[in-house]
Amino acid sequence: MDILWNSDGAMFSGTAASTQGPAIYRLVVERLPSSSGWDWSVWRPDNGITAIGHGVAPSSTIARADAEE
């Protein structure tokens, strides 16, 4: 799935459609306040606010790749 990431510098956001049905996923990558890494989260808006996946990575590039997985 190809994700077009939008950025405002310290945050990236993207939307992805599921390859297995009509579900839409939201992806967010944000710089941690301590500047020691990047936080990433993935969730489905139709499934509440519970994250499907989340983690921390040392760079925004790695965080976006982790979120896409």
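Only a predicted model underlies this, so the values are computations on that prediction, with no experimental measurement involved.

**A word on the overall build of the chain**
Assigned secondary structure in the chain consists of one helix and six strands. Beginning at the N terminus, the succession of helices and strands in the chain can be written as β-β-β-β-β-β-α. The C-alpha radius of gyration of the chain comes to 12 Å, within 12% of the 11 Å expected for a compact globule of 69 residues. Projected onto the principal axes, the alpha-carbon positions of the chain cover approximately 35 × 25 × 20 Å. Looking at the 69 residues of the chain, the share that counts as buried comes to 32%. Sequence separation of 24 or more characterises 19% of the internal contacts of the chain that already satisfy a separation of 6 or more. Surface accessibility of the chain: about 4500 Å² in total, with carbon and sulfur atoms responsible for 51%.

**Quick look at the packing of aromatic side chains**
On inspection of all chains with the given rule, the structure shows one aromatic pair. Consider the rings of F12 and W38, whose centres lie 5.9 Å apart with planes at 55 degrees: the pair is tilted. In this pair, F12 sits in strand β2 (residues 11-17) while W38 sits in strand β4 (residues 38-43), placing the two residues 26 residues apart along the sequence. Across the pair, exposure class does not vary: F12 and W38 are buried alike. Cation over ring: R64 sits above F12, and NZ or CZ is 4.2 Å from the ring centre.

**Some remarks on the nonpolar core**
Core analysis: the largest hydrophobic core is formed by 12 residues, namely I3, W5, F12, A16, L27, V29, W38, W40, V42, A57, A63 and A67. Mapped onto this core, the elements with two or more residues apiece are β2, β3 (24-31), β4 and α1 (60-68). Ranked by the residues each element gives to this core, the list is headed by β4, at three residues. With near-sequence residues (within four places) excluded, W5 lies in contact with F12, S13, G14, L27, V29, R64, A67 and E68.

**Notes on the environment of E68**
Checked against the element boundaries, E68 lands in helix α1. For E68, a relative accessible area of 34% gives the class partly exposed. In this structure, the C-alpha to C-alpha distance between E68 and D2, residues 66 residues apart in sequence, is 8.8 Å. If near-sequence neighbours (up to four positions away) are discounted, E68 is found in contact with I3, W5 and L27.

Cut-offs used in this document
Residues numbered from 1 in each chain as written. Predicted model: local features only at pLDDT ≥ 70, side-chain atom pairs only at ≥ 80, totals over all residues. Heavy atoms only, no water. Helix = DSSP H or I, 4+ residues; strand = E, 2+ residues; numbered from the N terminus. Rg over C-alpha atoms; globule rule 2.2 N^0.38 Å. Buried < 20%, exposed > 50% of the residue type's maximum accessible area, 1.4 Å probe, protein only. Contact = heavy atoms within 4.5 Å. Areas by Shrake-Rupley, 256 points an atom, 1.4 Å probe, with all protein chains shown as cover. Phe/Tyr/Trp six-rings, centres within 6.5 Å; stacked < 30°, edge-to-face > 60°. Lys NZ or Arg CZ within 6 Å of the ring centre and 35° of its normal. Core = buried A, V, L, I, M, F, W, Y, C linked by side-chain atoms within 4.5 Å.

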